[in-house]
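Tertiary structure, described
So the chains spell out like this:
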Amino acid sequence: MEGDRAKGGKQPDGRPSKEEYYLRLAEQVSARSTCLRKRFGAVIVRDDQIISTGYNGAPRGTPNCLELGICPREEAGIPAGQRYELCRSVHAEANAIIHASRLEMLDGVLYLACVDAKTGELVPDVRPCKMCTRLIINAGLREVVVREGPERYTRYSVRDWVEADTGRVDPSSGY
């Protein structure tokens, strides 16, 4: 399902909006990523309380792509967005969900930001993969807010994802 695009910006008193605040935190969290392609950061919030954060990186204690100096998917010529099972990383959304209690996450919001590891620029038009979408649904989150660019974001309703799931594979859907 399509999300609602919006502008972040500042409140009349000069402070960043809450969306902007949490998205900036997600960008900061992405700096811990060990991916050589894209750095993702996720922040889960409920009732203005940060519940959990996560970034994409190899499972604890295993070599990550920064340490190896290679991306196995890139080395194999696999295009971005395909064959995630060959990726060394646990996704940011999954890591944030793993490190939180479901009871704390219920009806919460996941804020997600993606930064190109080579250029340091925000990556627009990203959204959780199919596996992360399933985790988000099962975690009981209400919505996902994705950074699109400076002071721009898209808001997705998790309920819309549930209602759009026909149980059939639709390769063109992107999730």
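Only a predicted model underlies this, so the values are computations on that prediction, with no experimental measurement involved. (Residues numbered from 1 in each chain as written. Predicted model: local features only at pLDDT ≥ 70, side-chain atom pairs only at ≥ 80, totals over all residues. Heavy atoms only, no water.)

**Details of the environment of Ala96**
As for its position among the elements, Ala96 is in helix 4 (residues 92-98). Distance in space between the C-alpha atoms of Ala96 and Gly41 is 8.9 Å, their sequence separation being 55 residues. Setting aside residues up to four positions removed in sequence, Ala96 forms contacts with Ala42, Ile44, Ser52, Thr53 and Gly54. (Helix = DSSP H or I, 4+ residues; strand = E, 2+ residues; numbered from the N terminus. Contact = heavy atoms within 4.5 Å.)

**Points about the layout of surface pockets**
Its boundaries defined by the atoms lining it, the largest pocket holds a volume of some 410 Å³. For the largest pocket, the lining is made up of 20 residues, of which Lys38, Phe40, Gly81, Tyr84 and His91 are closest to its centre. Counting residues per element, the ones that place at least two in the lining of the largest pocket are strand 2 (38-46) and helix 4. Grouping the constituent residues of the lining of the largest pocket by class yields 10 nonpolar, 4 polar and 6 charged. (1 Å grid on protein atoms, 1.4 Å probe; cavity = no way out; pocket = protein on both sides within 12 Å on 5 of 7 lines; lining within 4 Å. Points joined across faces, edges and corners; volume = space filled by probe spheres on them. Nonpolar A, V, L, I, M, F, W, Y, C, P; charged D, E, K, R; others polar.)

**What to know about the side chain of Ser89**
Assignment of secondary structure puts Ser89 in the loop between helix 3 (72-75) and helix 4. The exposure class of Ser89 is buried, given its relative accessible area of 11%. (Buried < 20%, exposed > 50% of the residue type's maximum accessible area, 1.4 Å probe, protein only.)

**Comments concerning helix 6 (residues 130-139)**
Residues of helix 6 that are buried include every one of Cys132, Thr133, Ile136 and Ala139, and no others. Looking straight down helix 6, one finds its buried side chains confined to an arc of 125°; they lie on one side. Residues of helix 6 that are exposed and angled more than 90 degrees away from the buried face: Met131 and Asn138. On the buried face of helix 6, the contacting elements are helix 4, helix 5 (102-105), strand 4 (109-116), strand 5 (143-149) and helix 7 (158-164). Positive backbone phi, approximately 85°, marks Gly140, located one or two places after helix 6. (Arc of directions from axis to C-beta.)

**As for the environment of Leu106**
Tracing the chain through its elements places Leu106 in the loop between helix 5 and strand 4. Residue classification places Leu106 among the partly exposed positions, given a relative accessible area of 30%. Separated by 60 residues in sequence, Leu106 and Arg46 have C-alpha atoms that sit 7.8 Å apart. Ignoring anything within four residues of it in the chain, the contact list for Leu106 reads Arg46, Ala139 and Gly140.

**As for the packing of aromatic side chains**
Within the structure shown, the criterion is met by 3 aromatic pairs. Plain terms: the ring middles of Tyr156 and Trp161 are 5.9 Å apart, the flat faces sit at 35° to each other, and that makes the pair tilted. (Phe/Tyr/Trp six-rings, centres within 6.5 Å; stacked < 30°, edge-to-face > 60°.)

**Quick notes on the nonpolar core**
Ile44, Ile97, Met105, Leu110, Ile136, Leu141 and Val144 are the most contacted members of the largest nonpolar core, which totals 22 residues. Beyond its immediate chain neighbours, meaning those up to four positions away, Leu110 contacts Ala42, Val43, Ile44, Glu93, Ile136, Leu141, Glu143, Val144 and Val145. Formed by 11 residues, the second largest nonpolar core is a distinct cluster that contains Val29, Ala113, Val145 and Tyr153. (Core = buried A, V, L, I, M, F, W, Y, C linked by side-chain atoms within 4.5 Å.)

Honestly, it's all geometry; don't read function into it.
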